Amino acid sequence: MDVLAKLRNTVSNTISNTVQNTAYGLSQLSNVLPGNPVTREFEVTAHIASAGPSLLWKVYSGYKKSTKQEAAIFVFEKRILEKLSRNEKDLIVETLKKGVAQLTKLRHPQVLTVQHPLEESRDSLAFATEPVLASLSNILGNHNNLPKPLPIALKDYKLHDVEIKYGLLQLGEGLAFLHGDVKLLHRNLCPDTIIVNSHGAWKIFGFDFCALNQSAEGKQSQWSYTEYDVTAPFMAQPNLDFQAPECILASSVNTASDIFSLGMVAYVLHSPTNAPLHECNRNFLKCKQFLENFKSSSIADRLLPIPESLRGTVKLMLNHNPELRPDAHQFVKIEYFMDIGVKTLNYLDKIFQWDNLQKSQFYKGLPQLLKQLPHRVILHRVLPALYKELVNPPMIPFVLPSIIYAMETCSVEEFREYVLPNIKPVLTLDDPPQISLVLMQHADLLLKLCTTEVIKTDIVPMLLRALESDWEQLQELCLSALPNIITMIEGPVIKNAFLPRMKKICLHGKGSNKSLGVRVNCLLCLAKMLPSFDRWIVVDQVLPFLQEIPHSGEPAILMAIIGIYRMLLNHSKLGASKEILATKILPFLLPLCIEQNFSSSQYEILSSLVVEMINRVTSEHKEALRQLDAMRRETQQLDQELSQTSNAYKRINATSNDTNIMPVVSASNSTTSLKSLQIENGLTMEDKFRLIQQQEVHQRLQSQTPLMPTVVQPTAKPLVKDLTDTLMKSNLDQLNLSMSSPKPDYTWKSAIPNQHPTFSPQGMNIQLNQRGSTYVPNTVIPRNNINYSMNQGNLPYTQLQFDSTVNSNSKYEFGSNMNSNSNQNVQKLSCDEMMDLLS
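Just so you know, the residues in each chain are numbered from 1, in the order the chain's sequence is written. Under the rules for a predicted model, residues below a pLDDT of 70 receive no local features and side-chain atom pairs below 80 are neither given nor counted, while totals for whole chains, interfaces and linings still include all residues. The basis for the side-chain values is all heavy atoms of the structure; hydrogens and waters are excluded.

Per an unreviewed UniProt entry, the chain goes by the name SCY1-like protein 2 and belongs to Ceratina calcarata. UniProt positions are given in the numbering used here, feature names are shortened, and annotations may be inferred rather than shown by experiment. Among the UniProt annotations of the chain, the heading Sequence similarities (unreviewed entry) holds the following wording: "Belongs to the protein kinase superfamily."

Now the structure itself:
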């Protein structure tokens, strides 16, 4: 049971995932059409619509894998017929296959174009067509067989009047083609079988119940007809709500039957409820009863929502008598279609048949006509027709004004999705030059709508080509647009691309008034761009070539240059230093002070600028000199303080050599706080470096610990009891007790723990200084008053110059053997021998 439950869950999850992928994702077509050959050539992106009889076909947006060409994929899933009998299933499938087969044979602008023929698999039927938006039934609110939520394109979609007018005109033209050229009756014209493509054009679809001409060529047409079968499923029958009276009552059909259906479509489009005159709900008897009582006079009041220019024609189209109905050719010529918007759209559809002269005349007036069309119609209906002309360079200057008008009404998102991909190749063209001229006239609009990447890759090269053009009008337009994008251009591009071209314009003018205007505009453009430049570009690139410009005393050029200099003087980021003013700018401006071509006001501007620059140079240099003097004084004071500090160190070191005291200098006596220096503009780089070095020395002196004189106290070492000394003292005490007369006291002392013992006879006195200097041999010491004492350094006995007082021929040695033999030697010494040894 557990295994069966797991298997059931797995199957149900697989089915649910398949259904979900049918509505979303790139793998939809493979899930919906397992094994269908269409999957080999097309990929889908979304379920967007439904169409055909009873909206049986699901419509998916997609593209052809090999060419990436957009397409619509129509899919019929056989599983929706599971509840029907086998015969009913076969009848519906054969009816749908017949309609697609007939559609594939037809080629006309008002008939849906098939890109890939019908393919059948065990589970589905599928074929591909041109890209579509939806069926007219979907647009009017019938959402059967559509995904949830609804596609974004269908939300709040409302047809404009011009779309309805032109759509009906297209349907009339399509019927005229079918009736006159193909000798074919549609027999099921209704919103379910009318497709609105991605550009907004209305196309005829759903030839499942079409009737072919049975008569010979040249004779009156006779049409095959199959009566309505009430026993067959409704999905295999025409829509009763749009059938002409003769089809139901007289079992006959002719071209007027399609006209009746077209009249009913016109009524549905204008009806407040978008419903036909009578909804039969697929009930044949109810429909027959309605048509028997149907009269044109009885429906006059119900036709009031239809525009007056169309109302009379629709009344004729819905007439009970087929003979009184207009044919398709008469229908397309009625006054209702004389609307300027309809004519415009109609011309655009047929303009490929005209020559360039006729096209240019139409395109010149098109921008004014576009003002009367809705934005959606312009975006999806007009622009696609104009894009076809972009492959013809001579016509591009005539087409661009209309495209630019559409751009002005576009949002940024709409422009980048629908317009930019199509006009991007045009941005690279410079022949004919009128293309660049039109684009330059609307450069601000392009900069507003284009992405930063497009500006760098396409707009900037276009501006560079305009600067190099010999057409001065184009150069002026480029110079007026350039300051608006200068912040998006990288520094190397400005330096290596734009500035050399602007320099060329300024340096190589021809001297005419027109050339003079371009040169002046170039300098004005440069002035507007300066705030966005880096300072090094101004110093290295701009200033040198300003002085190279040949002016010949032209006040316009000189005043433009003076304006740039004034900006450099007062700008917070680019402000010129006194060195640049004194060495580069003033030498250029001073000779102009005697120029005679200036007016009084122009000369006043020049003279005030020169005076301001001179005052700036002198004031800044005076301040710099003042600061340098202050720095010199501070430097001298600092040198003196450093010298005093060095002498203090020397004196302390000399004192410490005598007293063994670590030298420490008090911070309060040896250092002096430095005065803080106020650094202002005007100092050179060398002055600033020298000032920083002096401050660093001052900070290091202040950071040192103050030196205080201290006395080093010797570390008291603990005395360690020496067994040898104890034994020697014990032996000497025994010797003293054995002697009757008092004798000198001899004591062995160990001066340093764990070192050689020190023999200190009472009465002998040898003093050692702190540095371990020994007893001077020539000193006379009384024999009976000798005392050995060690200094504070506790030097070992072996380091004393004891040879001066001890007989060199003595067989007893006080040295390295003292530790090992001291006990034995002391025991063997008598008192007299010891005295002899000491003497």
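Caption draft 1: Up close: the overall build of the chain. Along the chain, the regular secondary structure elements total 31 helices and 14 strands. Here the chain, with 839 residues, has 46% of them falling under the buried criterion. With an accessible surface of roughly 44,100 Å², the chain has 51% of that area assigned to carbon and sulfur atoms. Where helices and strands are cited, they refer to DSSP runs of H or I of at least four residues and of E of at least two residues respectively, numbered from the N terminus. Here the term buried applies to any residue with accessible area under 20% of the maximum for its type, exposed to any over 50%, and partly exposed to those in between, with areas from a 1.4 Å probe on protein chains only. A 1.4 Å probe and the Shrake-Rupley method give the accessible areas. Residues count as covered only by the protein chains that appear here.

Caption draft 2: Geometry of the pattern of salt bridges. In the sections that follow, a salt bridge refers to a side-chain nitrogen of Lys or Arg positioned within 4 Å of a carboxyl oxygen of Asp or Glu. Per the stated rule, a full pass over the model turns up 20 salt bridges. Of the charged contacts in the structure, one is a salt bridge between lysine 165 and aspartate 339, with a shortest N-O distance of 3.4 Å. Here the residue lysine 165 occupies a position in helix 6 (residues 161–182), and aspartate 339 occupies one in the loop between helix 11 (328–331) and helix 12 (340–350), the gap between them amounting to 174 residues. The partner of arginine 501 in a salt bridge is glutamate 468, and the shortest N-O contact between them spans 2.7 Å.

Caption draft 3: Up close: the nonpolar core. Counting 207 residues, the largest nonpolar core has Leu168, Ile403, Met407, Val419, Phe533, Tyr565 and Leu589 as its most contacted members. Residue contacts are defined here by distance: any two heavy atoms, one from each residue, within 4.5 Å place the two residues in contact. Leaving out residues up to four positions away in the same chain, tyrosine 565 has contacts with Leu543, Leu546, Gln547, Ile585, Phe588, Leu589, Leu609 and Met613. For the purposes of this section, nonpolar cores are sets of buried Ala, Val, Leu, Ile, Met, Phe, Trp, Tyr and Cys residues that join through side-chain atoms within 4.5 Å. With 9 residues, the next largest nonpolar core counts Val38, Ala71, Val75 and Ala128 among its residues.

Caption draft 4: Seen up close, the UniProt feature "coiled-coil region" (unreviewed entry) in the chain. UniProt feature "coiled-coil region" (unreviewed entry): in the numbering of this structure it lies at residues 614–648. Spanning residues 614–648, this segment combines 100% helix with 0% strand, and its end C-alpha atoms are found 51 Å apart.

Caption draft 5: Summary view of the packing of helix 23 (residues 535–546) against helix 25 (residues 578–589). Where helix 23 meets helix 25, the closest approach of the two axes is 11 Å, and the angle between their N-to-C directions is 30°. With respect to helix 25, the element helix 23 is oriented roughly parallel. In this structure, helix 23 crosses over helix 25, and the sense of that crossing is left-handed. Each of Arg535, Val539, Leu543 and Leu546 in helix 23 lies in contact with helix 25, whose residues at this interface are Ile580, Lys584 and Phe588. Residue polarity is assigned by list, with Asp, Glu, Lys and Arg as charged and Ala, Val, Leu, Ile, Met, Phe, Trp, Tyr, Cys and Pro as nonpolar; anything else, Gly included, falls into the polar class. For the contact of helix 23 with helix 25, a count of residues per class yields 5 nonpolar, no polar and 2 charged. Lines fitted to C-alpha atoms define the axes, with helix axes restricted to the stretch in contact, and inter-axis angles between N-to-C directions lie between 0 and 180 degrees. An angle counts as roughly parallel when it lies under 35 degrees, as roughly antiparallel when it exceeds 145, as roughly perpendicular when it falls between 65 and 115, and as oblique in every other case. The handedness criterion is simple: a crossing whose near helix is rotated anticlockwise from the far helix by less than a right angle is left-handed, and one whose near helix is rotated clockwise is right-handed.

Caption draft 6: The packing of aromatic side chains, seen in detail. Any two rings among Phe, Tyr and Trp, with Trp reduced to its six-membered ring, count as a pair given centres within 6.5 Å; such a pair is stacked if its planes are under 30 degrees apart, edge-to-face if over 60, and tilted if neither. Under the counting rule described, the total for this entry stands at 15 aromatic pairs. Here the aromatic rings of tyrosine 336 and phenylalanine 337 are separated by 5.2 Å at their centres, their planes lie at 65°, and the arrangement is edge-to-face. Neither tyrosine 336 nor phenylalanine 337 differs from the other in exposure class; each is buried. Considering the side-chain rings of phenylalanine 362 and tyrosine 363, the 5.7 Å spacing of their centres and the 55° angle between planes classify their relative orientation as tilted. Here a set of aromatic residues connected by ring pairs shows up, and it is made of Trp57, Phe74, Phe76, Phe127 and Phe205. Charge-over-ring placement is defined geometrically: NZ (Lys) or CZ (Arg) within 6 Å of the ring centre, and within 35 degrees of the ring normal. Directly above the ring of phenylalanine 234 sits arginine 282, whose terminal nitrogen or CZ lies 4.0 Å from the centroid. Above the ring of tyrosine 157, the side-chain terminus of arginine 376 is found at 4.1 Å from the ring centroid.

Caption draft 7: Structural detail: the environment of proline 307. Among the secondary structure elements, proline 307 is positioned in the loop between helix 9 (284–292) and helix 10 (308–317). For the pair proline 307 and tyrosine 336, spaced 29 residues apart in sequence, the C-alpha to C-alpha distance is 8.6 Å. Setting aside residues no more than four positions away along its own chain, proline 307 makes contact with His270 and Tyr336.

Caption draft 8: Region of the structure containing helix 8 (residues 255–270). With 16 residues, helix 8 extends 24 Å between its outermost C-alpha atoms, agreeing within 8% with the 22 Å of an ideal straight helix rising 1.5 Å per residue. Where burial is concerned, most of helix 8 is hidden: 15 out of the 16 residues are buried. We call two N or O atoms a polar contact when they sit within 3.5 Å, provided that within protein one can donate a hydrogen and the other can accept it, with sequence-adjacent residues counted only if both atoms are side-chain atoms. Two or three places before alanine 256, at the opening of helix 8, asparagine 254 has a side-chain oxygen 2.8 Å from that residue's backbone nitrogen. Take the residue count of a helix, subtract one, and multiply by 1.5 Å to get its expected span.

Caption draft 9: Fine view of the sheet that holds strand 3 (residues 70–77). A pair of strands counts as paired when DSSP detects no fewer than two bridges linking them. Reading across from one edge, 1-2-3-5-4 is the order of the 5 strands in this open sheet, with antiparallel pairing throughout. With partners counted over all chains shown, the strands left at the sheet margins are strand 1 (42–51) and strand 4 (114–120), one partner each. Within this sheet the neighbouring strands show an average axis-to-axis angle of 25°, counted without direction. Across 4 bridges, strand 4 lies against strand 5 (residues 124–129) in antiparallel orientation. Within strand 5, the position partnered with glutamate 119 by the bridge is alanine 126.

Caption draft 10: Inspection of unusual backbone geometry at higher detail. At the junction of lysine 148 and proline 149, the peptide bond is cis and its omega measures out at 0° in the coordinates. Here proline 149 shows up in the loop between helix 5 (136–139) and helix 6. Notably, leucine 55 is not glycine yet its phi reads approximately 55°, a positive angle. The residue leucine 55 is located in the loop between strand 1 and strand 2 (57–64) in this model. Judged by its relative accessible area of 3%, leucine 55 is buried. Phi angles above zero are rare outside glycine, and lysine 183 is one such case at about 55°.

Caption draft 11: A look at the side chain of asparagine 197. Examined against the element boundaries, asparagine 197 turns out to sit in strand 8 (residues 194–197). The class of asparagine 197 is buried, set by a relative accessible area of 5%. Of note is the side chain of asparagine 197, whose polar atom sits 3.3 Å from the side chain of glutamate 130. Reaching out from asparagine 197, the side chain makes a polar contact with the backbone nitrogen of histidine 199 at a distance of 3.0 Å.

Caption draft 12: Layout of the pairing of strand 3. Counted residue by residue, strand 3 has 7 buried out of 8 residues, so it is predominantly covered. The hairpin turn running from strand 2 into strand 3, its antiparallel successor, is 5 residues long, and lysine 68 in that turn takes a positive phi close to 60°. Judged from the 6 bridges that link them, strand 3 and strand 5 form a sheet pairing that is antiparallel. Residue phenylalanine 74 lies in a different strand from strand 5, and its bridge partner there is phenylalanine 127.

Caption draft 13: View of the packing of helix 14 (residues 375–387) against helix 16 (residues 412–423). Interhelical geometry of helix 14 versus helix 16 gives an angle of 15° and a closest axis separation of 10 Å. The angle between helix 14 and helix 16 places the two elements in the roughly parallel class. Both helix 14 and helix 16 take part in a crossing whose hand is left-handed. Along its contact with helix 14, which presents His375, Leu379, His380, Leu383 and Tyr387, the element helix 16 presents Glu414, Tyr418, Val419 and Asn422.

Caption draft 14: Structural view of the side chain of serine 50. By the secondary structure assignment, serine 50 is in strand 1. One polar contact links the side chain of serine 50 to the main-chain carbonyl oxygen of asparagine 144, over a distance of 2.7 Å. When neighbours within four sequence positions are excluded, serine 50 is seen to be in contact with Leu55, Trp57, Val59, Ser135, Asn138, Asn144, Asn145 and Leu146.

Caption draft 15: Local environment of helix 21 (residues 491–507). With 17 residues, helix 21 should cover 24 Å at 1.5 Å per step; its first-to-last C-alpha distance of 22 Å lies within 8% of that length. Values of bend correspond, residue by residue, to the angle between axes fitted over the seven residues ending at that residue and the seven starting there. Its axis deflected by about 35° at phenylalanine 498, helix 21 carries its strongest bend there, up to four residues before the proline proline 500.

Caption draft 16: View of the environment of valine 611. Relative to the elements of secondary structure, valine 611 occurs in helix 26 (residues 600–659). Sequence separation between valine 611 and leucine 586 is 25 residues; the distance between their C-alpha atoms is 9.9 Å.

Caption draft 17: Geometry of the sheet that holds strand 8. A sheet is described by the order of its strands in space; here 3 strands give the open sequence 6-8-9, paired in antiparallel fashion. Where the open sheet ends on each side, the last strands, each with one partner, are strand 6 (132–135) and strand 9 (202–204). Each strand axis lies, on average, 35° off the axis of its neighbour in the sheet, ignoring direction. Bridge count between strand 6 and strand 8: 3 bridges; the pairing is antiparallel.

Caption draft 18: Structural view of the environment of alanine 300. In this structure, alanine 300 sits in the loop between helix 9 and helix 10. Once the C-alpha coordinates of alanine 300 and arginine 311 are considered, the two residues, 11 residues apart in sequence, prove to be 9.0 Å apart.

Caption draft 19: Geometry of the confidence of the model for the chain. pLDDT gives the predictor's per-residue confidence on a scale running from 0 to 100. The predicted model of the chain has a mean per-residue pLDDT of 78, with 76% of residues at 70 or higher. pLDDT under 50 marks residues 740–829. Its contacts with residues more than four places away, or in other chains, come to 136 contacts.

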